[in-house]
Amino acid sequence: MRLVDFHCHLDLYPDPAAAISEAAAAKVYALTMTTTPRAWPRNAKLTETTDCIRPALGLHPQLVAAHANELTLWEQYLSQARYVGEVGLDAGPRYFRSLDLQKQIFERILTACAQAGGKILSVHSVRAAKAVLDLIEAHLPSSRGKVVLHWFTGTKAEVARAVDLGCYFSVNAAMLSSERARAVVAVIPSDRLLTETDGPFTQFHGRPSRPSDVSVVLQQLASARSSTTEQLAATVISNLRAITEPGGNVEREL
Ligand code: MN
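Since we're looking at a predicted model, the values are computed, not measured.

Analysis parameters
- Residues numbered from 1 in each chain as written.
- Predicted model: local features only at pLDDT ≥ 70, side-chain atom pairs only at ≥ 80, totals over all residues.
- Heavy atoms only, no water.
- Helix = DSSP H or I, 4+ residues; strand = E, 2+ residues; numbered from the N terminus.
- Rg over C-alpha atoms; globule rule 2.2 N^0.38 Å.
- Buried < 20%, exposed > 50% of the residue type's maximum accessible area, 1.4 Å probe, protein only.
- Contact = heavy atoms within 4.5 Å.
- Areas by Shrake-Rupley, 256 points an atom, 1.4 Å probe, with all protein chains shown as cover.
- Pairing = 2+ DSSP bridges.
- Right-handed = clockwise from strand over helix to strand, strands pointing away.
- Donors = N, O, S within 2.8 Å, 3.2 Å for Na, K, Ca; no water.
- Axes fitted to C-alpha atoms, helices over the stretch in contact; angles between N-to-C directions.
- Parallel < 35°, antiparallel > 145°, perpendicular 65-115°, else oblique.
- Left-handed = near helix turned anticlockwise from the far one by under 90°.
- Nonpolar A, V, L, I, M, F, W, Y, C, P; charged D, E, K, R; others polar.
- Core = buried A, V, L, I, M, F, W, Y, C linked by side-chain atoms within 4.5 Å.

Would you mind showing me how to read the overall build of the chain here?
Check the secondary structure of the chain and you find 11 helices and 10 strands. In terms of overall size, the chain behaves like a compact globule, its C-alpha atoms giving a radius of gyration of 17 Å where 254 residues would be expected to give roughly 18 Å. A principal-axis box enclosing the C-alpha atoms of the chain has dimensions of 45 × 40 × 40 Å. Counting every position in the chain, which comprises 254 residues, the buried fraction comes to 56%. Contacts in the chain between residues far apart in sequence, at least 24 positions, make up 71% of those at least 6 positions apart. Surface accessibility of the chain: about 11100 Å² in total, with carbon and sulfur atoms responsible for 52%.

So, in structure tokens, the structure goes:
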């Protein structure tokens, strides 16, 4: 059974090379974020010898206040990157003050992705689901790139709107821990579903989550959807193919 961890931060573990070989040994297809463009060359190098781990080029909304000047670097590296993340908006209390700047940066990132075409984005949307969807709708048509909403905590209506915009969702264990969140996850269509850990920012049995821990997300999602873990794993793999393979949706719609 192949697993998918579509949002993790392997460069933030104490030993990134060990985290990467462990994920590869566990046969997890993992997408590892960069939080600032400056980390891109190192992440690209760390992952270049694996078949199943890919790096994403990002500028994390929580770091925009201090790193906005790296946007030009992000733009320079974009032609090297198929995946983009972590990007998006964070309107939580600690980052609210930079929200206007975050919106300017996210708009420029979406516009650059639309111009380039064929990019796949992992998008953060803490307390900002509406603003994130507004910007995606305005600047990145689904024919020009694929958006995966990471740890999405919007409403059921916002899930429906995101589905109409062509978005996918990567679901982690923390999203299944409350009744309200489970009710929102339940309305995500099966053909838009991916899994993630967001490790090392989430915990599993008192230690930072590892990519192989997505097996637990799969089990929980499977029981919530009256499916088997194997069936759901196959669905997630097929969704991964739909967004990533040559001849998949991105290319077909171009
Ligand atoms: Mn993250």
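Back to the text.
What should I look at first to understand the pairing of strand 4 (residues 83-90) in this one?
Taken residue by residue, a regular strand's side chains alternate between the two faces of the sheet. Counting buried positions along strand 4 gives 8 out of 8 residues, so the element sits mostly inside the fold. When strand 3 (residues 53-57) meets strand 4, the two strands line up parallel, connected through 2 bridges. By the bridge assignment, Leu57 is partnered in strand 4 with Val84. Bridge analysis of strand 4 against strand 5 (residues 119-126) gives 6 bridges, and the strand direction is parallel. By the bridge assignment for strand 5, Leu89 is matched with Ser125. Handedness of the crossover is the feature at issue here: the chain leaves strand 4, passes through helix 5 (residues 99-116), returns alongside strand 5, and the resulting connection is right-handed.

Teacher, can you tell me more about the coordination of the manganese ion here?
Around a metal, the ideal angle is 109.5 degrees if four donors adopt a tetrahedral arrangement and 90 or 180 degrees if six donors adopt an octahedral arrangement. Distances from the manganese ion to its protein donors, His7 (NE2), His9 (NE2), Glu86 (OE) and Asp198 (OD), fall at 2.2 to 2.3 Å. Spacing between the donor residues of the manganese ion along their common chain follows H-x1-H-x76-E-x111-D. On the basis of relative accessibility, which here comes to 0%, the residue His7 falls in the buried class.

Explain the sheet that holds strand 1 (residues 3-8) to me, please; I cannot follow it from the model alone.
Within a sheet, adjacent strands bond to each other through the backbone by hydrogen bonds, running parallel or antiparallel. Judged by pairing direction, the sheet is parallel, and its 8 strands sit side by side in the order 1-2-3-4-5-6-7-8 without closing on themselves. Edge strands, defined here as strands with exactly one partner in the open sheet, are strand 1 and strand 8 (193-195). Between one strand axis and the next, the sheet turns through 30° on average, direction left out of account. Judged from the 3 bridges that link them, strand 7 (residues 168-171) and strand 8 form a sheet pairing that is parallel.

What should I look at first to understand the packing of helix 6 (residues 129-139) against helix 7 (residues 156-164) in this one?
Between two packed helices, the angle of one axis relative to the other and the distance separating the axes together describe the packing. Contact geometry of helix 6 with helix 7 gives a least axis separation of 11 Å together with a crossing angle of 15°. By the angle class used here, helix 6 and helix 7 are roughly parallel. Along this stretch, helix 6 crosses helix 7, giving a crossing that reads as left-handed. Of helix 7, the residues touching helix 6 (which contributes Ala129, Lys130, Leu133, Asp134 and Glu137) are Glu158, Arg161 and Ala162. The residue inventory of the contact of helix 6 with helix 7, partitioned by class, reads 3 nonpolar, no polar and 5 charged.

Which parts of the structure should I look at to understand the nonpolar core?
Inside soluble globular proteins, nonpolar side chains tend to come together where they are buried. With 80 residues, the main nonpolar core has Phe6, Trp74, Phe106, Ile109, Leu149 and Val171 as its most contacted residues. In terms of residues, this core owes the most to one element, helix 5, which gives 8 residues. If we ignore the near neighbours within four places in the chain, the residues touching Val171 are Leu176, Val185, Ile188, Leu193, Leu194, Thr195, Glu196, Val217 and Leu221.

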